[in-house]
There are 2 protein chains.
Amino acid sequence: MNTLTAYKKHLQEIGKLQSAISLLHWDQRTYLPQKGHAARALVLGKLARMAFELLVSDKLGHYLEELETQDDLSLEEQASIREVGKAYRRHKSIPPDIYEQFTIAQSRSESAWEQAKKTSDFELFQPHLQKMIDFSRRFAELYGYEANPYDALLEEYEPGMTTEQLRLVIEPLRKKLVPFIKRLREEGTHPHTEALDGAFPVDRQEKLSSYVLKAMGYDFSAGRLDTTVHPFTISTGPQDTRVTTRFINNNLFSGIFSTMHEGGHALYDQGIPKKLHWSGLDGGASFGIHESQSRMWENMVGKQLPFLRFFQPILASVFPEFAHTRPETLYNALNTVTPSLIRIEADEVTYNLHIMLRFELEEQLMNGRIGVAELPELWKGAMKRYLGVVPENDAHGVLQDVHWSTGMFGYFPSYMLGNLYAAQIFAKVREDIRDLDEQIANGKLVVLLSWLRKQVHRFGKMYEPQDLLQRVTGERLNPSYFMRYITNKYSQIYKL
Amino acid sequence: MNTLTAYKKHLQEIGKLQSAISLLHWDQRTYLPQKGHAARALVLGKLARMAFELLVSDKLGHYLEELETQDDLSLEEQASIREVGKAYRRHKSIPPDIYEQFTIAQSRSESAWEQAKKTSDFELFQPHLQKMIDFSRRFAELYGYEANPYDALLEEYEPGMTTEQLRLVIEPLRKKLVPFIKRLREEGTHPHTEALDGAFPVDRQEKLSSYVLKAMGYDFSAGRLDTTVHPFTISTGPQDTRVTTRFINNNLFSGIFSTMHEGGHALYDQGIPKKLHWSGLDGGASFGIHESQSRMWENMVGKQLPFLRFFQPILASVFPEFAHTRPETLYNALNTVTPSLIRIEADEVTYNLHIMLRFELEEQLMNGRIGVAELPELWKGAMKRYLGVVPENDAHGVLQDVHWSTGMFGYFPSYMLGNLYAAQIFAKVREDIRDLDEQIANGKLVVLLSWLRKQVHRFGKMYEPQDLLQRVTGERLNPSYFMRYITNKYSQIYKL
């Protein structure tokens, strides 16, 4: 067996283990009975360790070393070696016992966070958070970086992105967003939302969600839709990408948009071609690019008039109370802007400000410019400045998100980048598909899917995010597309 | 770490892998989307190989060798070493490449069987069946045996059982069963079954099944109920034993009894104590003992008057058409005896004859006294002699069961043994719980569960089946309990 074949075989072994791990995770979050959780953690721990061992194995190191100098490789093979090489070196740079200490501290920290959030008791969480920060700073040193330790963490979620670049995007964007929100609130006409009121039995909501997923082009023979507390999308193997969603009895569109959001992620995974499966390239280009797909379907398709024109009769067929609701009424009601405390409930105008706040705190923490104890107050101050609202307690403030409790520093920016990438890519979609609105209004949502398949999905992780964006849109990240999209849409809705 | 600790740790590693494998299997048979099957087979193959490698590892061999001479072990530890030792030696006796050839042939053979069954084309299946027989005969030689190669295969499913012992049970039983069935048919009064007619929406059937499972004492916080084409029970880890069942729109009780059958298996697994988890003892004593639990709940509880007295009002609350149906009417209608072609549809009187036929053919095949080509005709002849019915085609005859296609020779007798064990154990239950019928009629099904927990479940695989039976009932297998149970019950129903 030559090295390339052995290398590919090795990746497939890792892929198989990761498929099993994904199914164990999916089941844990959907159907696992309560008493099964203790043993499940042990099973997952074992499989994760085996996958880790394969990823940092000397065998793989030798394959990579040899293949990195080989010059007769296909583009896919080169990209695979680049990506797997990066993962290999990152994982290898952490000494095994530090990693083990980290995973133990991680699970304690997450439990402490859960408890602290319930009782809004930041002090309970503080020592654990301190540990997570210490580990992350140590990891950054071990991974290595040029300008800023935070860059080393960003690399995990958004390869190639730096603190400096983020700052150059964030500062001008914030300076436009904050006054725009103020104008909407002070000079705009806040839409009526009564049209959305009501009680909506969950089984019928589920029918609607399935219908919409199918209309988007989601392949149910290579996936499924289930319900969970926290919606997510997961691929438990090639040709098996599962979506979960959540239904709220008195908030019909929450479930629909949650499904469209997760559906956007799922279409990306379903669009990754067979030749990339279990090759190290069978994910999205980055967390940000992945999020661009979910946000595009949720916001730029779902929360738009053409889609609502298509959707209203379907909605009325399941919930006859909407028989006489105009799509325009739905459109306005679904696009209100309200500065609020909780990120995951934020509208698309205020959402990025929640991220900017987190980015600034993370970056300062990683550079030791602020301490953990100051976080609650710094949080409140920034909320006041950016959104004009202040949490009354830490549960609605600094304790609201799970990410920091497991040491995921560097993750939050992906959410904002997803919004910006989505707007930039969608502008190109509009250029290429002139009658897009008409097609969507006619239920032909798959014209968008076909475009995304060809321009984005089929490359999997072959290109780094900025290179992919350059290929797709002709330029690297340009936040003006997002600002233009937001300004146009909301100026009209708010009658500015 | 001393050897005993290392040994236990090793078993836990195997246990974790087997838990993951079980979940992958469960998912494959419940929720896996169609296109996910190809990759799933690869994932399962990898994990199975890893578990196999751990089971035949030299490390385990050394532990066993050392521990087998150690004399300060607990009863559980001794039993674990006995059971794991047996599995180790069995697996070790097959050379890896023969085993690999077997698994490849197995999956081809199962596909061929599926096709052959569809088209009722025995010749299509014949060469594959020949291979499965050849492999099994070879395995029997490698496992080793004293009197009969078939003994070596029986050992897998019913430890300690031999061909000779089975013959001593079967011959007299058949000589009583065949004329008894004849008498029922010729002299008896066949009950009316019209009371069961109707159409029963599946969602309401599901409610009834959940209710019955709960009444049996099944712990839903350590398991779940789903629907599948072929019902099964599986433990995907300690504290997670899942039941699946099947609902037929115009056959209400089919689903209920399928649930009670699988529920019986599940209660056994849920009753295995924590200390036996992942120790090699966390299964039933044998396939036959496991089947005794499912058959007991299905037939000796479910298809009896006391249960139907308890169940009728619940049934009527879900399906009001049963509001005026007397429990006695249900009882008679649910206990008709009809010689038929298909094993899995057979009533409890004729069922064992289906097994006897298979046992006789298997035993002769394994000893080379008959050839594959003769099977269809031998099958028809035996059906005629034992049940007086002859299949018109092989799909309803020799091709009906999947077992032979995957080389599971020696498995069928467990089904019959399950019936015999159940009757023998249930006779003891009646002796110990004098007011059992009254308790069941009052919905106190858990009195039976408590008894089974104490007498059977808590031992897991600690005792070989006959030793367990001796402990529980005071004697080894005695088929007269079954014959007495059948004769009493059906003489009364058929007014002999």
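You'll find the structure just up there.
Throughout, a residue's number is its position along its own chain's written sequence, starting from 1. Note on labels: chains are lettered from A, ligands numbered from 1, in written order. The predicted nature of this model means local features are confined to residues of pLDDT at least 70 and side-chain atom pairs, given and counted, to a pLDDT of 80 or more, with totals for whole chains, interfaces and linings taken over all residues. In computing side-chain properties, one takes all heavy atoms of the structure into account and sets aside hydrogens as well as water.

Peer 1: Where do I start with the overall build of chain A in this structure?
Peer 2: When its secondary structure is counted, chain A shows 20 helices and three strands. Restricting the calculation to C-alpha atoms gives the radius of gyration, and the globule rule supplies 2.2 Å times the number of residues raised to the power 0.38. Against the 2.2 N^0.38 benchmark of 23 Å for 496 residues, chain A shows a C-alpha radius of gyration of 23 Å, consistent with a compact globule. If you line up chain A on its principal axes, its C-alpha atoms span 65 × 50 × 50 Å. Throughout, exposure labels follow a simple rule: accessible area from a 1.4 Å probe, protein chains only, divided by the maximum for the residue type, with under 20% read as buried, over 50% as exposed, and the rest as partly exposed. Here chain A, with 496 residues, has 58% of them falling under the buried criterion. Contacts are residue-level and defined by heavy atoms, with any inter-residue pair within 4.5 Å sufficient. Partitioning the intrachain contacts of chain A with sequence separation of at least 6 by distance along the chain shows that 73% fall at a separation of at least 24. All accessibility values rest on the Shrake-Rupley procedure with a 1.4 Å probe; residue burial counts only the protein chains present in the view. Of the roughly 20800 Å² of accessible surface on chain A, 50% is carried by carbon and sulfur atoms. Of the charged side chains in chain A, 58 are positive and 62 negative, and the gap between their average positions amounts to 3 Å. The way it works is that DSSP assigns letters per residue, a run of H or I at least four long becomes a helix, a run of E at least two long becomes a strand, and they are numbered from the N terminus. As used throughout, the charge tally considers Lys and Arg to be positive and Asp and Glu to be negative, leaving His and the chain termini uncounted. By convention, the point assigned to a charge is CZ for Arg, NZ for Lys, CD for Glu and CG for Asp.

Peer 1: How should I be thinking about the relation of the copies chain A and chain B in this particular structure?
Peer 2: Two copies of a chain can be linked by a rotation about an axis combined with a shift along that same axis. The transform that puts chain A on chain B rotates by 180° and translates by 0.1 Å along the axis, for an RMSD of 0.0 Å. The superposition of one copy onto the other is thereby described by a two-fold rotation axis. Relative to the rotation axis, the closest C-alpha in chain A is found at Ala 20 of chain A, a distance of 3.6 Å. Comparing contact sets, 100% of the residues at the interface of chain A also lie at the interface in chain B, consistent with an isologous, same-surface contact. When the copies are superposed, the least-squares fit takes in the C-alpha atoms of residues with a pLDDT of at least 70 in both.

Peer 1: What's the story with the interface of chain A and chain B in this structure? I'm lost.
Peer 2: Accessible area lost upon the coming together of the parts is a frequently used measure of interface size. Taken together, the contact between chain A and chain B spans 35 residues of the former and 35 residues of the latter. Carbon and sulfur atoms make up 66% of the area that chain A and chain B hide from each other, which totals about 2700 Å². The term salt bridge refers to a side-chain nitrogen of Lys or Arg lying within 4 Å of a carboxyl oxygen of Asp or Glu. At the junction of chain A and chain B, the tally comes to ten salt bridges. The residue Glu 13 of chain B makes a salt bridge to Arg 49 of chain A at a minimum N-O spacing of 3.9 Å. The term polar contact refers here to a pair of N or O atoms within 3.5 Å; inside protein, the definition further demands a hydrogen-donor-capable atom paired with an acceptor-capable atom, and it admits residues adjacent in sequence only when both atoms are side-chain atoms. At the junction of chain A and chain B, the tally comes to twelve residue pairs in polar contact (both at pLDDT 80 or more). Contributions of two or more residues to the side of chain A that touches chain B are made by α1 (3-30) and α2 (37-55) of chain A. For the side of chain A that touches chain B, the leading source of residues is α1 of chain A, giving nine residues. For any pair of parts, buried area is found by adding up, for both, the accessible area (1.4 Å probe) each one loses once the two are put together.

Peer 1: Honestly, the sheet that holds strand β1 (residues 225-227) of chain A in this entry has me stumped. Any pointers?
Peer 2: Strand-to-strand pairing in sheets goes through backbone hydrogen bonds, with the strands running parallel or antiparallel. Residues and elements named next belong to chain A. Strands sit in the order β1-β3-β2 across an open sheet of three strands; the sheet is mixed. Across the chains shown, the open sheet's two edge strands, defined by having one partner strand only, are β1 and β2 (233-235). Neighbour-to-neighbour, the strand axes of this sheet turn through a mean angle of 25°, independent of strand direction. A pair of strands is treated as paired once DSSP finds two or more bridges between them. Axis definition: a line fitted to C-alpha atoms, over the contacting stretch in the case of helices. Angles run 0 to 180 degrees between N-to-C directions.

Peer 1: Sorry if this is basic, but what is going on with the pattern of salt bridges here?
Peer 2: Pairs can form between side chains of opposite charge once their charged atoms are near each other. Residues and elements named next belong to chain A. Within this structure, the stated rule accounts for 70 salt bridges over all chains. Arg 183 is the partner of Glu 187 in a salt bridge, and the nearest nitrogen-oxygen pair spans 3.2 Å. Of the two residues, Glu 187 and Arg 183 are both situated in helix α8 (residues 163-187); the distance of four residues between them amounts to about one turn of the helix. The shortest N-O distance in the salt bridge between Arg 358 and Asp 401 comes to 2.7 Å. Of this pair, Arg 358 sits in helix α14 (residues 351-366) while Asp 401 is found in the loop between α15 (375-387) and α16 (413-432), placing the two residues 43 residues apart along the sequence.

Peer 1: Even after reading the chapter, I still don't get the environment of Gly 288 of chain B, so can you show me in this structure?
Peer 2: Residue and element names in this part refer to chain B. Summarising the element assignment, Gly 288 is placed in helix α11 (residues 287-302). Separated by 282 residues in sequence, Gly 288 and Ala 6 place their C-alpha atoms 32 Å apart. Gly 288 has contacts with Tyr 157, Glu 158, Ser 414, Leu 417, Gly 418 and Tyr 421, leaving out every residue within four places of it along the chain.

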